[in-house]
Amino acid sequence: NEALPKLWILTPTASPTILSRFSAMLEENWLPGIYGMGEAFRSAIVVIHQLPQTPETLWLRLLGRGRVQEQAIDELEALSPDIPLRSMTLNLLYHLERTLAVRQDLDEGDRALIMRLAPLYQQEQEKAFQQGE
């Protein structure tokens, strides 16, 4: 029944072995990187590093790791400041950055993300302040 919700499992990476253990198969009409797990399970695995680099996948790719995440941040940074997607996304990422900043058990990837996002958000705040004057 199409009215029933679908469980979407997001993962930065997944090997073919892991995907086969879940009987995950690429779906014909879906983007690369999205694997269905059978109609009865109403579930899919989204392998973020396999998603195409399109504006529609930007938010998901921001949740990736390493180079995938860096490229997504580069794309976000390159967006015109007038595009609402840019400022809304930076605001959400700022809240993520604030949440990560108070944690004591940050790994190197989280630290790098915080360092990368802080100046972007600062620029966004300065722009908003100047527009308010």
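Residues numbered from 1 in each chain as written. Predicted model: local features only at pLDDT ≥ 70, side-chain atom pairs only at ≥ 80, totals over all residues. Heavy atoms only, no water.

Peer 1: Explanation requested: the layout of surface pockets in the structure shown.
Peer 2: Taking a probe equal in size to a water molecule and rolling it over the atoms shows the remaining empty space. Of the pockets and cavities examined, the largest pocket occupies roughly 340 Å³. In terms of lining, the largest pocket is formed by 17 residues, of which the most central are Gly 64, Arg 65, Gln 69, Gly 109 and Asp 110. Elements with a contribution of two residues or more to the lining of the largest pocket: α3 (66-78), α4 (84-101) and α5 (108-132). It is α5 that provides the largest number of residues to the lining of the largest pocket, a total of five residues. Looking at the lining of the largest pocket residue by residue, the classes come out as eight nonpolar, four polar and five charged. (1 Å grid on protein atoms, 1.4 Å probe; cavity = no way out; pocket = protein on both sides within 12 Å on 5 of 7 lines; lining within 4 Å. Points joined across faces, edges and corners; volume = space filled by probe spheres on them. Helix = DSSP H or I, 4+ residues; strand = E, 2+ residues; numbered from the N terminus. Nonpolar A, V, L, I, M, F, W, Y, C, P; charged D, E, K, R; others polar.)

Peer 1: What is the right way to read unusual backbone geometry from this model?
Peer 2: The phi angle of most residues is negative, glycine excepted, and most peptide bonds adopt the trans form. Positive phi, close to 55 degrees, is recorded for Ser 23, a residue that is not glycine. Looking at the element boundaries, Ser 23 is found in the loop between α1 (16-21) and β2 (25-26). A positive phi is found at Arg 42, a non-glycine position, where the angle reads about 50 degrees. Mapped onto the secondary structure, Arg 42 falls in the loop between β3 (34-36) and β4 (43-47).

Peer 1: Looking at this model, I keep getting lost on the side chain of Ser 43. Mind explaining?
Peer 2: On the secondary structure map, Ser 43 appears in strand β4. Separated by 2.9 Å, the side chain of Ser 43 and the backbone oxygen of Phe 41 make a polar contact. Contact partners of Ser 43, with chain neighbours within four places excluded, come to Lys 6, Leu 7, Tyr 35, Gly 36, Met 37 and Gly 38. (Polar contact = N/O pair within 3.5 Å; in protein donor to acceptor, adjacent residues only side chain to side chain. Contact = heavy atoms within 4.5 Å.)

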